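Architecture and fold: a report
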Amino acid sequence: MALSFDFPDNPSFLGDDVIEGVWADPGFGQYFTDHMAVAKWSLEEGWHGGRLTDYAQVSMEPASAVYHYAQEIFEGLKAYRHSDGSVWLFRPEANAKRFENSARRLALPVLPAEDFVTSVRQLAALDARWVPGGAEQSLYLRPFMMAAENFLGVRPAQSVLYAVIASPVGSYFSGGVAPVDIWLSTQYSRVAPGGTGSAKCGGNYAASLLPQELAYQQGCSQVLFVDAAEKRWIEELGGMNLFMITADDELVTPELNGNILPGVTRDSLLTVAPELGLKPVERQVSLEEVTSGITSGAIRELFACGTAAVITPIRSLKSPDAEYVIDVDKATHTIPLCNHLLDIQYGRIADTHGWMQQVV
Ligand code: COI
(Lines give C-alpha, C1' and ligand atoms only; values in the text may rest on other atoms or scores of the structure.)
Protein backbone atom coordinates (compact mmCIF):
# COMPACT_ATOMS: atom_id res chain seq x y z
CA MET A 1 0.00 0.00 0.00
CA ALA A 2 1.26 3.51 -0.84
CA LEU A 3 2.77 5.62 1.96
CA SER A 4 0.73 8.72 2.84
CA PHE A 5 3.00 11.51 4.31
CA ASP A 6 -0.02 13.41 5.68
CA PHE A 7 0.42 16.87 7.18
CA PRO A 8 1.00 16.71 10.98
CA ASP A 9 -1.83 17.78 13.34
CA ASN A 10 0.11 20.56 15.06
CA PRO A 11 2.97 21.60 12.81
CA SER A 12 5.37 24.16 14.26
CA PHE A 13 6.54 27.04 12.10
CA LEU A 14 9.41 29.49 12.47
CA GLY A 15 8.50 33.15 12.02
CA ASP A 16 8.48 34.87 8.62
CA ASP A 17 11.30 37.14 9.83
CA VAL A 18 13.59 34.08 10.19
CA ILE A 19 12.78 32.92 6.66
CA GLU A 20 13.31 36.37 5.18
CA GLY A 21 16.69 36.53 6.98
CA VAL A 22 17.68 33.22 5.33
CA TRP A 23 16.48 34.36 1.90
CA ALA A 24 18.74 37.41 2.09
CA ASP A 25 21.78 35.10 1.71
CA PRO A 26 20.86 31.41 1.68
CA GLY A 27 24.16 30.06 0.32
CA PHE A 28 23.85 26.31 -0.30
CA GLY A 29 22.60 23.71 2.19
CA GLN A 30 23.10 25.76 5.35
CA TYR A 31 19.52 26.32 6.51
CA PHE A 32 16.67 23.86 6.80
CA THR A 33 12.91 24.23 6.79
CA ASP A 34 10.50 23.53 9.64
CA HIS A 35 9.69 19.95 8.67
CA MET A 36 10.94 16.70 7.23
CA ALA A 37 9.38 13.57 5.79
CA VAL A 38 10.27 10.18 7.26
CA ALA A 39 9.38 6.54 6.64
CA LYS A 40 10.76 3.22 7.80
CA TRP A 41 11.37 -0.15 6.23
CA SER A 42 11.90 -3.49 7.89
CA LEU A 43 12.21 -6.99 6.56
CA GLU A 44 9.03 -8.02 8.43
CA GLU A 45 6.83 -4.98 7.72
CA GLY A 46 8.18 -3.56 4.45
CA TRP A 47 7.66 0.21 4.03
CA HIS A 48 5.57 1.79 6.79
CA GLY A 49 5.22 4.81 9.04
CA GLY A 50 5.32 7.51 6.35
CA ARG A 51 4.75 10.92 7.95
CA LEU A 52 5.70 14.58 7.99
CA THR A 53 7.16 15.76 11.27
CA ASP A 54 9.12 18.68 12.75
CA TYR A 55 12.71 18.98 11.49
CA ALA A 56 14.65 17.44 14.38
CA GLN A 57 17.57 15.22 15.30
CA VAL A 58 17.35 11.63 14.15
CA SER A 59 18.17 9.28 16.98
CA MET A 60 20.03 6.08 16.08
CA GLU A 61 22.11 3.75 18.19
CA PRO A 62 25.91 3.77 17.72
CA ALA A 63 25.61 0.20 16.40
CA SER A 64 23.45 1.39 13.50
CA ALA A 65 24.95 -0.14 10.35
CA VAL A 66 25.19 3.09 8.35
CA TYR A 67 27.82 4.44 10.77
CA HIS A 68 30.05 1.47 10.03
CA TYR A 69 29.45 0.30 6.48
CA ALA A 70 28.08 3.44 4.76
CA GLN A 71 25.00 1.73 3.33
CA GLU A 72 23.39 5.02 2.28
CA ILE A 73 21.98 6.74 -0.81
CA PHE A 74 20.59 10.20 -1.50
CA GLU A 75 18.98 12.43 -4.10
CA GLY A 76 18.82 16.16 -4.86
CA LEU A 77 16.02 18.05 -6.59
CA LYS A 78 14.58 21.53 -6.43
CA ALA A 79 11.25 23.34 -6.01
CA TYR A 80 10.95 26.66 -7.83
CA ARG A 81 8.70 29.65 -7.13
CA HIS A 82 7.07 31.06 -10.26
CA SER A 83 6.17 34.74 -10.64
CA ASP A 84 2.50 34.06 -9.78
CA GLY A 85 3.59 32.61 -6.42
CA SER A 86 3.00 28.96 -7.35
CA VAL A 87 5.63 26.30 -6.49
CA TRP A 88 6.82 23.64 -8.93
CA LEU A 89 9.09 20.59 -8.92
CA PHE A 90 11.37 19.69 -11.86
CA ARG A 91 11.25 16.05 -13.03
CA PRO A 92 10.75 14.41 -9.61
CA GLU A 93 10.05 11.05 -11.30
CA ALA A 94 13.56 11.10 -12.78
CA ASN A 95 15.04 11.42 -9.29
CA ALA A 96 12.69 8.72 -8.03
CA LYS A 97 13.90 6.31 -10.74
CA ARG A 98 17.54 7.05 -9.98
CA PHE A 99 16.85 6.55 -6.26
CA GLU A 100 15.42 3.11 -7.11
CA ASN A 101 18.57 2.23 -9.07
CA SER A 102 20.86 3.51 -6.32
CA ALA A 103 18.94 1.44 -3.74
CA ARG A 104 19.42 -1.73 -5.82
CA ARG A 105 23.18 -1.15 -6.11
CA LEU A 106 23.57 -0.49 -2.37
CA ALA A 107 21.39 -3.50 -1.44
CA LEU A 108 18.83 -1.18 0.15
CA PRO A 109 15.07 -1.74 -0.23
CA VAL A 110 13.52 -0.02 -3.26
CA LEU A 111 11.21 2.84 -2.30
CA PRO A 112 8.47 2.88 -4.96
CA ALA A 113 8.72 5.98 -7.18
CA GLU A 114 5.17 6.94 -6.21
CA ASP A 115 6.14 7.10 -2.51
CA PHE A 116 9.30 9.06 -3.29
CA VAL A 117 7.33 11.65 -5.26
CA THR A 118 4.56 11.86 -2.63
CA SER A 119 7.10 12.45 0.16
CA VAL A 120 8.84 15.22 -1.77
CA ARG A 121 5.59 16.87 -2.91
CA GLN A 122 4.08 16.80 0.58
CA LEU A 123 7.17 18.28 2.24
CA ALA A 124 7.44 21.00 -0.42
CA ALA A 125 3.73 21.78 0.06
CA LEU A 126 3.92 21.93 3.88
CA ASP A 127 7.06 24.13 3.78
CA ALA A 128 6.11 26.05 0.62
CA ARG A 129 6.52 29.38 2.38
CA TRP A 130 10.28 28.61 2.55
CA VAL A 131 10.61 28.47 -1.26
CA PRO A 132 12.52 31.65 -2.07
CA GLY A 133 11.55 33.86 -5.01
CA GLY A 134 14.87 35.58 -5.72
CA ALA A 135 16.99 35.15 -8.84
CA GLU A 136 18.59 31.67 -8.99
CA GLN A 137 17.03 30.76 -5.64
CA SER A 138 15.04 27.60 -4.97
CA LEU A 139 14.20 25.03 -2.31
CA TYR A 140 16.68 22.14 -2.52
CA LEU A 141 15.08 18.85 -1.47
CA ARG A 142 17.34 16.12 -0.17
CA PRO A 143 15.77 12.63 0.06
CA PHE A 144 18.07 10.00 1.61
CA MET A 145 17.94 6.43 2.85
CA MET A 146 20.21 4.65 5.28
CA ALA A 147 20.78 1.33 7.02
CA ALA A 148 19.32 1.65 10.52
CA GLU A 149 19.79 -1.83 11.92
CA ASN A 150 21.87 -2.25 15.08
CA PHE A 151 24.13 -5.02 13.83
CA LEU A 152 27.83 -5.19 13.04
CA GLY A 153 27.74 -8.18 10.72
CA VAL A 154 28.45 -7.15 7.14
CA ARG A 155 25.22 -7.79 5.20
CA PRO A 156 22.33 -5.65 3.91
CA ALA A 157 20.52 -4.05 6.86
CA GLN A 158 17.12 -5.43 7.77
CA SER A 159 15.80 -2.07 8.94
CA VAL A 160 16.16 1.19 7.08
CA LEU A 161 15.28 4.85 7.55
CA TYR A 162 14.12 7.12 4.69
CA ALA A 163 13.88 10.87 5.13
CA VAL A 164 13.54 14.07 3.11
CA ILE A 165 14.82 17.42 4.33
CA ALA A 166 14.62 20.77 2.52
CA SER A 167 16.98 23.74 2.33
CA PRO A 168 16.40 27.16 0.74
CA VAL A 169 19.40 27.74 -1.54
CA GLY A 170 21.07 30.22 -3.84
CA SER A 171 24.18 29.44 -5.90
CA TYR A 172 26.17 26.29 -5.08
CA PHE A 173 29.51 28.04 -5.55
CA SER A 174 30.23 31.00 -3.30
CA GLY A 175 31.22 33.08 -6.35
CA GLY A 176 27.75 32.67 -7.90
CA VAL A 177 27.66 31.62 -11.56
CA ALA A 178 31.14 33.02 -12.24
CA PRO A 179 33.47 30.69 -14.21
CA VAL A 180 35.43 28.21 -12.08
CA ASP A 181 38.83 26.51 -12.32
CA ILE A 182 39.02 22.72 -12.21
CA TRP A 183 41.81 20.48 -10.90
CA LEU A 184 42.65 17.33 -12.89
CA SER A 185 43.03 14.33 -10.61
CA THR A 186 44.86 11.38 -12.12
CA GLN A 187 46.34 10.26 -8.80
CA TYR A 188 43.01 9.46 -7.13
CA SER A 189 39.94 7.73 -8.52
CA ARG A 190 36.35 8.42 -7.53
CA VAL A 191 35.00 5.02 -8.54
CA ALA A 192 36.13 1.90 -10.41
CA PRO A 193 34.53 -0.41 -12.99
CA GLY A 194 31.91 -2.56 -11.29
CA GLY A 195 31.77 -0.14 -8.36
CA THR A 196 29.08 2.30 -7.26
CA GLY A 197 29.82 5.13 -9.72
CA SER A 198 26.36 5.35 -11.24
CA ALA A 199 24.61 5.17 -7.85
CA LYS A 200 24.12 8.33 -5.82
CA CYS A 201 25.64 7.11 -2.57
CA GLY A 202 27.53 9.00 0.09
CA GLY A 203 30.61 6.79 -0.34
CA ASN A 204 31.30 8.16 -3.83
CA TYR A 205 31.33 11.67 -2.44
CA ALA A 206 33.51 10.64 0.52
CA ALA A 207 36.05 9.25 -1.97
CA SER A 208 36.13 12.60 -3.74
CA LEU A 209 36.89 14.68 -0.65
CA LEU A 210 40.67 14.28 -0.44
CA PRO A 211 41.23 15.09 -4.15
CA GLN A 212 38.68 17.91 -3.68
CA GLU A 213 40.84 19.28 -0.84
CA LEU A 214 43.87 19.14 -3.13
CA ALA A 215 41.84 21.06 -5.73
CA TYR A 216 41.05 23.79 -3.19
CA GLN A 217 44.75 24.04 -2.33
CA GLN A 218 45.39 24.76 -6.02
CA GLY A 219 42.71 27.48 -6.05
CA CYS A 220 40.26 25.25 -7.93
CA SER A 221 36.56 24.78 -7.12
CA GLN A 222 36.11 21.19 -8.26
CA VAL A 223 38.13 18.15 -9.20
CA LEU A 224 37.82 16.29 -12.53
CA PHE A 225 38.20 12.52 -12.39
CA VAL A 226 39.38 10.25 -15.19
CA ASP A 227 38.59 6.54 -15.40
CA ALA A 228 40.34 4.33 -12.84
CA ALA A 229 41.38 1.58 -15.26
CA GLU A 230 43.27 3.48 -17.97
CA LYS A 231 43.51 6.99 -16.45
CA ARG A 232 42.64 8.15 -19.93
CA TRP A 233 38.93 8.88 -20.20
CA ILE A 234 37.14 11.86 -18.66
CA GLU A 235 34.37 10.86 -16.28
CA GLU A 236 32.90 13.49 -13.98
CA LEU A 237 33.64 16.12 -11.38
CA GLY A 238 33.43 15.51 -7.64
CA GLY A 239 29.73 16.39 -7.56
CA MET A 240 28.72 17.30 -11.11
CA ASN A 241 28.70 16.12 -14.72
CA LEU A 242 30.97 17.69 -17.34
CA PHE A 243 30.08 19.00 -20.83
CA MET A 244 32.08 20.53 -23.63
CA ILE A 245 30.95 22.49 -26.68
CA THR A 246 32.98 22.03 -29.83
CA ALA A 247 33.75 24.48 -32.63
CA ASP A 248 31.22 22.63 -34.80
CA ASP A 249 28.42 23.11 -32.27
CA GLU A 250 28.35 19.69 -30.68
CA LEU A 251 27.34 19.43 -27.05
CA VAL A 252 29.52 16.54 -25.87
CA THR A 253 29.48 14.70 -22.57
CA PRO A 254 31.07 11.38 -21.51
CA GLU A 255 28.73 8.46 -22.18
CA LEU A 256 27.19 6.67 -19.20
CA ASN A 257 29.59 3.78 -18.60
CA GLY A 258 28.55 2.62 -15.15
CA ASN A 259 31.08 4.92 -13.49
CA ILE A 260 29.23 8.19 -14.15
CA LEU A 261 26.20 9.54 -12.31
CA PRO A 262 23.25 9.79 -14.73
CA GLY A 263 22.47 13.43 -13.90
CA VAL A 264 18.95 14.77 -14.38
CA THR A 265 20.40 18.11 -15.48
CA ARG A 266 22.75 16.22 -17.81
CA ASP A 267 19.82 14.40 -19.42
CA SER A 268 17.74 17.59 -19.64
CA LEU A 269 20.53 19.48 -21.41
CA LEU A 270 21.02 16.68 -23.94
CA THR A 271 17.27 16.83 -24.60
CA VAL A 272 17.02 20.62 -25.11
CA ALA A 273 20.33 20.93 -27.03
CA PRO A 274 18.74 20.84 -30.53
CA GLU A 275 16.38 23.67 -29.51
CA LEU A 276 19.50 25.81 -29.09
CA GLY A 277 21.24 24.74 -32.29
CA LEU A 278 23.51 22.18 -30.63
CA LYS A 279 23.96 18.50 -31.52
CA PRO A 280 23.89 16.32 -28.39
CA VAL A 281 26.66 13.71 -28.33
CA GLU A 282 27.37 11.08 -25.66
CA ARG A 283 30.64 9.25 -26.23
CA GLN A 284 34.01 8.47 -24.69
CA VAL A 285 36.08 11.63 -24.28
CA SER A 286 39.79 11.33 -23.60
CA LEU A 287 41.71 13.73 -21.41
CA GLU A 288 44.05 14.26 -24.34
CA GLU A 289 41.13 15.30 -26.56
CA VAL A 290 40.06 17.90 -23.99
CA THR A 291 43.48 19.41 -23.34
CA SER A 292 44.53 19.50 -27.01
CA GLY A 293 41.04 20.71 -27.99
CA ILE A 294 41.24 23.66 -25.61
CA THR A 295 44.70 24.52 -26.97
CA SER A 296 43.68 24.23 -30.65
CA GLY A 297 40.26 25.88 -30.27
CA ALA A 298 38.38 22.71 -31.28
CA ILE A 299 36.76 22.90 -27.85
CA ARG A 300 35.22 26.31 -27.29
CA GLU A 301 33.36 25.95 -24.01
CA LEU A 302 33.40 23.69 -20.97
CA PHE A 303 30.90 23.63 -18.14
CA ALA A 304 29.88 21.68 -15.05
CA CYS A 305 26.25 20.84 -14.42
CA GLY A 306 24.06 19.34 -11.75
CA THR A 307 20.93 20.08 -9.78
CA ALA A 308 22.91 21.99 -7.17
CA ALA A 309 25.27 23.81 -9.53
CA VAL A 310 22.80 24.18 -12.47
CA ILE A 311 25.35 25.16 -15.14
CA THR A 312 28.69 26.62 -14.12
CA PRO A 313 31.14 27.70 -16.85
CA ILE A 314 34.68 26.35 -16.54
CA ARG A 315 37.53 28.79 -17.12
CA SER A 316 40.47 26.43 -16.85
CA LEU A 317 41.70 22.89 -16.26
CA LYS A 318 44.80 22.74 -14.11
CA SER A 319 47.20 19.87 -13.50
CA PRO A 320 50.58 19.80 -11.71
CA ASP A 321 52.41 20.55 -14.96
CA ALA A 322 50.02 22.47 -17.19
CA GLU A 323 47.05 24.80 -17.32
CA TYR A 324 44.50 24.83 -20.16
CA VAL A 325 42.53 28.05 -20.30
CA ILE A 326 39.23 28.66 -22.09
CA ASP A 327 38.42 32.16 -23.33
CA VAL A 328 35.14 32.42 -21.42
CA ASP A 329 34.42 35.85 -22.90
CA LYS A 330 33.98 34.18 -26.29
CA ALA A 331 31.52 31.56 -24.97
CA THR A 332 28.25 31.83 -26.86
CA HIS A 333 26.30 28.71 -25.88
CA THR A 334 26.78 28.03 -22.16
CA ILE A 335 24.77 30.96 -20.81
CA PRO A 336 21.86 30.56 -23.31
CA LEU A 337 21.69 26.83 -22.42
CA CYS A 338 21.68 27.67 -18.73
CA ASN A 339 19.01 30.36 -19.21
CA HIS A 340 16.86 28.01 -21.30
CA LEU A 341 16.79 25.44 -18.51
CA LEU A 342 16.19 28.08 -15.84
CA ASP A 343 13.40 29.63 -17.95
CA ILE A 344 11.62 26.25 -18.00
CA GLN A 345 12.20 25.70 -14.28
CA TYR A 346 11.00 29.19 -13.28
CA GLY A 347 8.02 29.04 -15.66
CA ARG A 348 9.22 31.85 -17.93
CA ILE A 349 8.86 29.77 -21.11
CA ALA A 350 6.58 26.89 -22.07
CA ASP A 351 7.45 23.50 -20.59
CA THR A 352 7.17 21.56 -23.84
CA HIS A 353 8.68 18.40 -22.31
CA GLY A 354 6.15 18.03 -19.47
CA TRP A 355 8.94 18.28 -16.87
CA MET A 356 7.32 20.64 -14.36
CA GLN A 357 4.93 19.48 -11.71
CA GLN A 358 2.91 21.99 -9.65
CA VAL A 359 2.97 21.56 -5.85
CA VAL A 360 0.88 24.52 -4.66
C1 COI B 1 23.25 17.77 -6.75
O2 COI B 1 23.57 18.45 -7.73
O3 COI B 1 22.07 17.65 -6.36
C4 COI B 1 24.26 17.05 -6.01
O5 COI B 1 23.93 16.04 -5.47
C6 COI B 1 25.62 17.59 -5.97
C7 COI B 1 26.17 17.77 -4.60
C8 COI B 1 25.50 18.87 -3.83
C9 COI B 1 26.28 16.51 -3.84
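Note that the structure is predicted; figures quoted are calculated from it, not measured.

1. Topic: the overall build of the chain
Across its full length, the chain holds eight helices and 17 strands. Relative to its length of 360 residues, the chain is compact, with a C-alpha radius of gyration of 21 Å against a globular reference of 21 Å. By its C-alpha atoms, the chain is 65 × 50 × 35 Å across when sized along the principal axes. Relative to its full complement of 360 residues, the chain shows a buried share of 53%. Nonlocal contacts in the chain, meaning residues at least 24 apart in sequence, comprise 70% of its contacts between residues at least 6 apart. Summed over all atoms, the accessible surface of the chain reaches about 15400 Å², with 52% contributed by carbon and sulfur.

2. Some thoughts on the site of the ligand
Lining the immediate surroundings of the ligand are Phe74, Gly76, Tyr140, Arg142, Tyr172, Lys200, Tyr205, Gly239, Gly306, Thr307 and Ala308. Contact between the ligand and Lys200: an oxygen atom at 2.6 Å from a side-chain N or O atom of the residue. With respect to the ligand, the backbone of Thr307 contributes an N or O atom lying 3.2 Å from an oxygen atom. Burial of the ligand by the protein chains amounts to 90% of its free accessible area of 280 Å². The class makeup of the residues in the shell around the ligand is five nonpolar, four polar and two charged.

3. Quick notes on the pattern of salt bridges
All chains considered together, the criterion is met by 15 salt bridges. Close ionic contact of Arg190 with Glu236 constitutes a salt bridge, the shortest N to O distance being 3.3 Å. Placement of the pair is Arg190 in the loop between β8 (180–185) and α5 (202–217) and Glu236 in strand β10 (residues 234–237), with a sequence separation of 46 residues. Put simply, Asp16, Asp34 and Arg129 are held in one network by salt bridges that share partners.

4. A closer look at the pairing of strand β15 (residues 310–319)
In terms of residue burial, β15 counts as a mostly covered element, since nine of its 10 residues are buried. Bridge analysis of β8 against β15 gives four bridges, and the strand direction is parallel. Considered in β15, the bridge of Asp181 is made with Ser316. Counting the residues in the hairpin turn of strand β14 (residues 299–306) and β15 gives three residues. Here four bridges tie β15 to strand β16 (residues 322–325), and the two strands are oriented antiparallel to one another. In the strand pairing of β16, Ser319 is matched with Ala322.

Reading the values: rules and limits
As a convention, each chain's residues are numbered from 1 in the sequence order in which they are written. Residue-level local features of this predicted model are given only where pLDDT is at least 70; pairs of side-chain atoms are given and counted only at 80 or more, and the full residue set underlies all totals for whole chains, interfaces and linings. Hydrogens and waters are ignored; side-chain quantities use all the structure's heavy atoms. In this text, helices come from DSSP runs of H or I with a minimum length of four residues, and strands from runs of E with a minimum of two, each type numbered from the N-terminal end. Computation of the radius of gyration draws on C-alpha atoms, with the globule rule given as 2.2 Å multiplied by the number of residues to the power 0.38. Relative accessible area decides the class of each residue, using a 1.4 Å probe on protein chains only: under 20% of the type maximum gives buried, over 50% gives exposed, and in between gives partly exposed. Note on definitions: a residue-residue contact is assigned when non-hydrogen atoms from the two residues lie within 4.5 Å. Each accessible area is a Shrake-Rupley estimate made with a 1.4 Å probe; only the visible protein chains count as cover when residues are assessed. Nearness here has a simple test: a residue counts as near a molecule or strand if at least one of its heavy atoms is within 4 Å of that partner. Counting of polar contacts relies on pairs of N or O atoms within 3.5 Å, with two restrictions inside protein: one atom must be capable of donating a hydrogen and the other of accepting it, and residues adjacent in sequence are counted only when both atoms are side-chain atoms. Polar here means any residue other than Ala, Val, Leu, Ile, Met, Phe, Trp, Tyr, Cys and Pro, which are nonpolar, and Asp, Glu, Lys and Arg, which are charged; Gly is therefore polar. A pairing counts as a salt bridge when a side-chain nitrogen of Lys or Arg comes within 4 Å of a carboxyl oxygen of Asp or Glu. When DSSP finds at least two bridges between two strands, those strands are taken to pair.

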